[in-house]
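Here is what each chain is made of, one letter per residue.
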Amino acid sequence: MTLLHDGVRRHQFADASQFREAFFACLTARRDELFELADALLCADGSVTAPVDLTLLAEHRRGHGALYDALNRGRLDADGLRRTLAGLPQPKAADGRLVLAVDVSNWLRPDAVCSADRLFCHTFGRGRDQHLMIPGWPCSFVAALEQGRTSWCQLLDAVRLGPEDDVADVTARQVRRVVEDLVAGGRWREGDPNILVVFDAGYDAPRLAHLLDGLPVEVLGRMRSDRVMRRPTPTLLEYAAAYPQGGRHPEHRKEFRFAKPETWGEPDTATVQVTDRYGTARAMAWDRLHPRLTTRSAWIDHDGELPIIEGTLIRLEVDRLPGGGDPLPLWLWSSATGMTGSDVDLRWQAFLRRFDLERTFRMIKQTLGWTRPKLRTPEAADRWTWLIVVAHTQLRLARPFAEDIRRPWERPTEPNRLTPARVRRGFRNLRPHLPCPARAPKPTQPGPGRPLGSKNQRPATRYDVGKTIRRPETIIERDRLRP
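Model, not experiment: these values are computed from the prediction. Residue numbering note: each chain is counted from 1, following its sequence as written. Thresholds applied to this predicted model are a pLDDT of at least 70 for local features of residues and 80 or more for the giving and counting of side-chain atom pairs; totals over whole chains, interfaces and linings are not thresholded and use all residues. Hydrogens and waters are ignored; side-chain quantities use all the structure's heavy atoms.

Strands here are runs of E lasting at least two residues and helices are runs of H or I lasting at least four, both read from the DSSP assignment and numbered beginning at the N terminus. Position of N106 among the secondary structure elements: in strand β3 (residues 99–108). Relative accessibility decides the category of a residue: with a 1.4 Å probe and only protein chains considered, values under 20% of the type maximum give buried, values over 50% give exposed, and everything between is partly exposed. Judged by relative accessible area, which is 15%, N106 ranks as buried. Here H122 takes part through its backbone oxygen, which lies 3.3 Å from a polar atom of the side chain of N106. Contact partners of N106, with chain neighbours within four places excluded, come to C121, H122, T123, W137, P138, K365, W370 and T371. Under this definition, polar contacts are N or O atom pairs within 3.5 Å; protein pairs additionally need one hydrogen-donor-capable and one acceptor-capable atom, and for neighbouring residues in sequence, both atoms have to be side-chain atoms. Residues count as neighbours in contact if any of their non-hydrogen atoms are within 4.5 Å of one another.

Pairing between two strands requires that DSSP report at least two bridges joining them. Taken together, the seven bridges between strand β11 (residues 269–275) and strand β12 (residues 279–289) define a ladder with antiparallel strand orientation. For T271, the partnering residue across the bridge sits in β12 and is A283. Where β11 folds back on β12, the antiparallel hairpin that results is connected by three residues.

Counting buried positions over the nine residues of helix α4 (residues 78–86) gives seven, a clear majority of the element. Residues of α4 that are buried: A78, G80, L81, R82, T84, L85 and A86.

Below, the discussion takes up the nonpolar core. Among buried residues, the Ala, Val, Leu, Ile, Met, Phe, Trp, Tyr and Cys ones that are joined through side-chain atoms within 4.5 Å form a nonpolar core. Core analysis: the biggest nonpolar cluster contains 124 residues, and F23, L54, L100, F141, I195, W384 and L387 have the highest contact counts within it. Ranked by residue count, the leading element in this core is helix α10 (residues 378–398), at twelve residues. Setting aside residues no more than four positions away along its own chain, W384 makes contact with L37, L41, P51, L54, L71, W107, L368, G369, W370, P373 and L375.

A word on the packing of aromatic side chains. Whether two aromatic rings pair depends on their centres lying within 6.5 Å, for rings of Phe, Tyr and Trp, where Trp uses its six-membered ring; planes under 30 degrees apart make the pair stacked, over 60 edge-to-face, and the rest tilted. This model, assessed by the stated rule, comprises 16 aromatic pairs. Both rings, one in F23 and one in F35, keep their centres 5.8 Å apart while their planes meet at 25 degrees; by these two values the pair is stacked. With F23 in helix α1 (residues 6–26) and F35 in helix α2 (residues 31–43), this pair connects stretches of sequence that are twelve residues apart. Accessibility assignment for this pair places F23 and F35 in one class, buried. Arranged with centres 6.2 Å apart and planes meeting at 80 degrees, the rings of F256 and W331 form a pair that is edge-to-face. Taken as a pair, F256 in strand β10 (residues 255–257) and W331 in strand β14 (residues 330–334) lie far apart in primary sequence, 75 residues in all. When sorted by exposure, F256 lands in the same class as W331, which is buried. What links up through ring pairs into an aromatic cluster is the set W107, W137, F141, F361 and W370. In this structure, R31 packs its charged tip against the face of F24, placed 4.2 Å from the ring centre. The aromatic ring of W152 is capped on one face by R399, whose charged end is 4.7 Å from the ring centroid. Cation placement over rings: the criterion is NZ of Lys or CZ of Arg within 6 Å of the ring centroid and within 35° of the ring normal.

Below is the structure:
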């Protein structure tokens, strides 16, 4: 593999060096050990199966006791690290806009009865249509997506969902914080296209668009195929012309049922594209469609008149799937209106790029060992999660000048097309060119520990699994619970 010229290499080394120094500044307790632990993650041979094995590497100069002490009692400035990640060069789409993807990945802990804040996490079984609920720690990630087929993305934030959290509220606060950091870091300026935030079917896209109102963002989410939406509300002049006898101005018009094509009518925009992986892709879009909201479920605490959240509904249909499955139609809803044909194609292509985040989840779990440690406290799990995010970010910064260290049976890779796992193989050779602010360890002696033959007099507390707050489902319950 040919390397880039020296000027580009110095610039990329400067970005990686500045990030390492900023990361070290965000560590406020046990900083030397946490920094070396992140380097050990990057320099290990093969997949990480247990964090304690990292203490045997030459890059980790401290013992295994320091590792457990740092994870359990270390401190990290998460807000400062988020601002540092947002200030890095971000990938952009073809039209120059930032595309963010939000998704939840689960850290399953079914046997950790002494670990707090565990929730029932939805997982897919090995059989067909088998869905399992396993206790664990769900974690919400926000990442900036690249254009084209790739296994790379820039992780920007990670938040563990707790038993008292509402997923939509936590996700909205998380996205708002990331967008504000991107604006403060100069990655979005006035006049740039709105930031596109992509969600999967597990999120309520219209509600998130309402919660993110006031930000330069556009919400794009997948909709279930059994949803029902409403046509755009006519203006007062249109209604007066249609009904000269008068009457009350309607809030909603005819229904648009996803499962009934006779209710669709003619689309406002239709496009056809020929792709390599999906065959012919046909997209139809209907402008200014909105859901009819009711004062129930997610809107139970809303005071005043319910909003009308209009957007563009997109239906995508392809000939085939890469895995050979049945290509069912895909329904997308965007908070933007007045789209052209090129705008519609850009949206569904950006949604397909959301699956790059799934490859990142697989990489941090199988290669970096994100879910391998048997940590007891959720705070220690949060520190380990941030170390994984930092390690993945350093791999992305090292990608332009990494050499292709391949196995004899592997094919050569094109320049700047290495996967994160193959960049990690050569990170040990790049580390001497990067700053290492961690201090050398001081010689110490291990403590006496528990006296021989004594029993543990402080048994660990056992915690229940699941939500701890029951939210009202009707207006009567809401009014009864209010003081």
